[in-house]
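Observations on the model geometry
The primary structure of each chain is shown beneath.
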Amino acid sequence: MAFIQNLINGIGLGSVYAIIALGYTMVYGIAKMLNFAHGDIIMIGGYVAFCTYTYLGWPVVAAIVASIIICTLLGITVEFLAYKPLRGATSLAVLITAIGVSYFLQNIALIIWTSNTKSFPNMVSFMPSVSIGDITISGTTIITIFACILIMVGLTTFTSKTKLGKAMRAVSEDRGAAELMGINVNVTISLTFAIGSGLAAIAAILFLSAYPTLIPTTGSMPGIKAFTAAVFGGIGSIPGALIGGILLGVIEILAKAYISTQLSDAIVFAVLIIVLIFKPTGLLGKKIREKV
Amino acid sequence: MGEILKVSDLHVYYGNIHAIKGVSFNVNEGEIVTLIGANGAGKTTTMNTIAGLLKPRQGEIEFDGSSIVGVPAHKMVYKGMALCPEGRRVFLQLSVKENLDMGAYSRPAAEIEESLEKVYAHFPRLKERSKQVAGTLSGGEQQMLAMGRALMSKPKLLMLDEPSMGLAPILVEEIFEIIKELNKAGTTILLVEQNARMALSIADRGYVISTGNISLTGTGQELLTNDDVRKAYLGG
Ligand SMILES: Nc1ncnc2c1ncn2[C@@H]1O[C@H](COP(=O)(O)OP(=O)(O)OP(=O)(O)O)[C@@H](O)[C@H]1O
Ligand SMILES: [Mg+2]
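Keep in mind that this is a model prediction, so the values were computed, not measured.

1. Some words on the site of ligand 1
Residue and element names in this part refer to chain B. Taken together, 14 residues lie near ligand 1, and Lys43, Thr44, Thr45, Glu86 and Gln194 sit nearest. Taking Thr45, its side chain carries an N or O atom lying 2.5 Å from an oxygen atom of ligand 1. Isolated, ligand 1 exposes 630 Å² of accessible area, and the fraction of that covered by the protein chains is 62%. Counting only elements with at least two residues in the shell around ligand 1, the list comes to strand E2 (17–28) and helix H1 (43–50). By residue number, the principal contributor to the shell around ligand 1 is H1, which donates 3 residues.

2. Describing the sheet that holds strand E3 (residues 32–36) of chain B
All names here are of chain B. Taken together, 6 strands build an open sheet; the order of strands is E6-E7-E8-E3-E9-E10 and the sheet is mixed. A strand with exactly one partner marks an edge of an open sheet, and here the two such strands are strand E6 (81–84) and strand E10 (213–219). Each strand axis lies, on average, 15 degrees off the axis of its neighbour in the sheet, ignoring direction. The pairing of E3 with strand E8 (residues 188–193) spans 5 bridges and is classified as parallel. Residue pairing for E8: Ile32 is matched across the bridge by Ile189.

3. Topic: the nonpolar core
One finds Leu5, Phe25 and Leu190 of chain B to be the most contacted residues of the largest nonpolar core, which totals 96 residues. The leading source of residues in this core is helix H1 (residues 2–31) of chain A, at 13 residues. Counting the residues that make up this core, at least three belong to each of domain 1 (1–80 + 157–174 + 188–236) and domain 2 (89–154) of chain B. Residue contacts for Leu190 of chain B: discarding those within four places in its chain leaves Leu5, Phe25, Val27, Val33, Leu35, Met47, Ile50, Leu157, Leu158, Met159 and Leu160 of chain B.

4. What about the sheet that holds E2 of chain B?
All names here are of chain B. Spatial strand order, E2-E1-E4-E5: 4 strands in an open sheet with antiparallel pairing. A single partner strand is all that each edge strand has here, and the edge strands are E2 and strand E5 (66–67). Sheet topology note: the strand E1 (residues 3–14)/strand E4 (residues 58–63) ladder contains 5 bridges and is antiparallel. Along E4, the bridge assignment pairs Val7 with Ile61. Along the sheet face, H1 touches E1, E2 and E4 and points at about 115 degrees away from the line of E1.

5. Here's the deal with unusual backbone geometry
Here Thr114 of chain A, not a glycine, exhibits a phi torsion of approximately 60 degrees, which is positive. Relative to the helices and strands, Thr114 of chain A resides in the loop between helix H4 (91–113) and strand E1 (118–119).

6. With respect to the packing of aromatic side chains
Residue and element names in this part refer to chain A. Scanning the model with the defined rule gives 8 aromatic pairs over all chains in all. Consider the rings of Phe3 and Tyr258, whose centres lie 6.4 Å apart with planes at 35 degrees: the pair is tilted. Of the two residues, Phe3 sits in helix H1 while Tyr258 sits in helix H10 (residues 238–258), which places them 255 residues apart along the sequence. Residue class for Tyr258 comes out partly exposed when judged on its relative accessible area of 47%. Centre to centre, the rings of Phe50 and Tyr55 are 5.4 Å apart; their planes meet at 80 degrees, and the pair counts as edge-to-face.

7. Let's talk about the packing of helix H3 (residues 60–83) of chain A against helix H8 (residues 185–210) of chain A
Residues and elements named next belong to chain A. As a packed pair, H3 and H8 sit with axes 7 Å apart at the nearest point and diverge in direction by 140 degrees. The angle between H3 and H8 places the two elements in the oblique class. Both H3 and H8 take part in a crossing whose hand is right-handed. Contacts from Ile64, Ser67, Ile68, Cys71, Thr72, Gly75, Ile76, Glu79 and Tyr83 of H3 reach H8 at Ile189, Ser190, Phe193, Ala194, Ser197, Gly198, Ala201, Ile202 and Ile205.

8. Here we look at the coordination of the magnesium ion (ligand 2)
Taken together, Thr44 of chain B (OG1) and Glu86 of chain B (OE) make up the protein donors of the magnesium ion (ligand 2), found 1.9 to 2.2 Å from the metal. One end of the pair, Thr44 of chain B, is in helix H1; the other, Glu86 of chain B, is in the loop between E6 and helix H3 (96–103), and 42 residues separate them in sequence.

9. Quick notes on the interface of chain B and chain A
Interfaces are often described in size by the accessible area the parts lose on coming together. Contacts between chain B and chain A engage 29 residues on the former and 23 residues on the latter. Of the roughly 2,400 Å² buried between chain B and chain A on both sides combined, carbon and sulfur atoms contribute 59%. Applying the counting rule to chain B against chain A returns 3 salt bridges. Residue Arg169 of chain A is joined to Glu98 of chain B by a salt bridge in which the shortest nitrogen-to-oxygen separation is 3.1 Å. Put simply, chain B and chain A have 6 residue pairs in polar contact (both at pLDDT 80 or more) between them. By residue class, the composition of the side of chain B that touches chain A is 14 nonpolar, 9 polar and 6 charged.

10. Quick look at the domain arrangement of chain B
All names here are of chain B. By domain assignment, chain B separates into domain 1 (1–80 + 157–174 + 188–236) and domain 2 (89–154). Taken residue by residue, the interface counts 9 residues in domain 1 and 10 residues in domain 2. Across the domain 1 to domain 2 interface the summed buried area is about 760 Å²; carbon plus sulfur atoms make up 74%. Broken down residue by residue, the surface that domain 1 buries against domain 2 is led by Val77, Tyr78 and Leu158, which jointly contribute 46%.

The rules behind these values
- Residues numbered from 1 in each chain as written.
- Chains lettered and ligands numbered in written order.
- Predicted model: local features only at pLDDT ≥ 70, side-chain atom pairs only at ≥ 80, totals over all residues.
- Heavy atoms only, no water.
- Near = heavy atom within 4 Å.
- Polar contact = N/O pair within 3.5 Å; in protein donor to acceptor, adjacent residues only side chain to side chain.
- Areas by Shrake-Rupley, 256 points an atom, 1.4 Å probe, with all protein chains shown as cover.
- Helix = DSSP H or I, 4+ residues; strand = E, 2+ residues; numbered from the N terminus.
- Pairing = 2+ DSSP bridges.
- Axes fitted to C-alpha atoms, helices over the stretch in contact; angles between N-to-C directions.
- Core = buried A, V, L, I, M, F, W, Y, C linked by side-chain atoms within 4.5 Å.
- Buried < 20%, exposed > 50% of the residue type's maximum accessible area, 1.4 Å probe, protein only.
- Domains from an automatic or database assignment.
- Contact = heavy atoms within 4.5 Å.
- Phe/Tyr/Trp six-rings, centres within 6.5 Å; stacked < 30°, edge-to-face > 60°.
- Parallel < 35°, antiparallel > 145°, perpendicular 65-115°, else oblique.
- Left-handed = near helix turned anticlockwise from the far one by under 90°.
- Donors = N, O, S within 2.8 Å, 3.2 Å for Na, K, Ca; no water.
- Buried area = accessible area lost by both parts, 1.4 Å probe.
- Salt bridge = Lys/Arg side-chain N within 4 Å of Asp/Glu carboxyl O.
- Nonpolar A, V, L, I, M, F, W, Y, C, P; charged D, E, K, R; others polar.

Quick look at the structure:
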C-alpha cells in the first residue's frame, strides 16, 4: 500500500514537471533553443501569485489569472529583448544569453522580494483529500494531475486541429518552408513563449502549493528537473514531456522512499544518463530520415 | 501581356562569397521561363532571393508592379508568389492534407476547398494519401505534394526549383506534363532545372546562368539548338 501511495505522489510531482517540461520542449521545438530562464519564470509566477493572494487579498482565481498574465507577458518580453536579436547566432551565444536572463530575473526578485523565505499558501486547498483504504491522495495532488491532463489534451488538440497549431508544427520542422507558406515565424515564436510561460505560472502555483518554500532561486531545481524530463521524453515532443515528467517524478519519489533522500536527485540524473546512452534522442525522440 | 517579374542587376552574398553577380532577367505573364545552369551556378540562390528567404546586397526585384526587395518571405505568398523549394521541403511530420492546409495558410477559409479539389485533380495520388504522414511518401509523391502545396496559395507566379530532382524518367515526364497544364490554366511559371532538355522544350524563354551571371538567353527552341548550350548542358 505504501508503494501505491508513493506512486501516486510521484505522479503528482511528475505532473508538475510535465507542465514545466512543456515550456522547454515547445520552445526548443519551435525556436531551437534551450530557454534556461524558464525556471525563473516559474519563480516570478510564484511571487506574483503570492503577492496578489496574500498581500492584496485577491481571490484564488484572480491571483492565478494575474500570475498567468504576468508570466505570459514576461515570456514574450524576454524573447523579444534577449533572444530575438540573436536569431541566427550560434546556439552557444543563445544559451549564454539565456543563463544571463536567468540570473537577471533572480536578481530582480532578490531586489523586489529580498532573500527571505516566503511561505507559499496552499492555493488549491479548496479540493479535499481523498482516502481509499490506507491510501490518501491530497487535494493538491488531485488538482495537479487533473490540471496536467487538461493541459495535455488542450495542447494536443491545439497543435493538431487549429490552423495556428499546425503552423507551429510546420515552423518547428522547417522554418524557411513555413515562411514560404506565409507563416510569420517571429509571431509563432512569440506565441510559443507565451504558451510556455503561461504554463509556467500554473506549474508555479501547483508546485508551491505542495512545496511552499518561495525564494528567488525557487525555480531552479524544478526547472532543471523539468528540463531533464523534457530531454528524457525526447525534447521537442509534447507527449514526450508528459511521459518524461511523470517518470521523473515517480523515480524521484520512489528513490526518496526506498533508497535515500539525499541521493534521490543523483539517482534521477543517473537514470537520465543511462536512458540517453541507449536512446540519445530520448524516449519519444524523433528520428526522421529525409527521402531523396 | 505585362511583365510580372523583373530582376535587375541582382547581387547576393553568403558572407564574403559573392554568389550572384549582377543577374537580370524578366518573366511575362502567362510564360514559362526557365533558368538553367551547372551545379553551383546560383539558380537556387536567385530563386530564394526572389522569394525573400535571402536578402540581396544590391539590385532590384519587381513583382506585379512593385518592388519586393526587403519584403519578408512570409508576406510574398500574399502578393501572389509561391516557391516550391529545392529538395521539396514538405513537412515530413504533417499529413498530406495538413501540408496542403499549410499551403493555403494565406487563403480565406471559404476558398480552400475549391483549391483542394483542383490540386487533387492534378495529383489524384495525393487524395488517396491525404491522411498519410508526408515522411512516409515516396520521393515522387513528396514532389507532387510540394507542388500541390505551392498551388494551394493560388499563385500568379509559381517558382519551381528542380521539380524533377531524383525522380524516375516516367515521373519526370508526368511532372512536366503537369507544369504545362498549370501554365495553360493561367499560372505563370519560373522553372529551375538540371534537366535542361526537358525544361527548354516546354519553356517559352530560357536563361543560362554560369557562376552568378546570365551568360545566354533566348527562346526555348533557340537555346535547345544553340551549340554552346548543347555542349555544356545537353550532353553534346
Ligand atoms: N548557405 C550557403 N553558404 C555559403 N555558400 C553557399 C550557400 N548556399 C549556396 N552557396 C554557394 O553559392 C553558389 C550558388 O549556389 P546555388 O545553390 O544557388 O547553386 P545552384 O545553381 O542552385 O546549384 P544546384 O544545381 O547544385 O542546385 C555555390 O557556389 C554555393 O556553394
Ligand atoms: Mg539549386
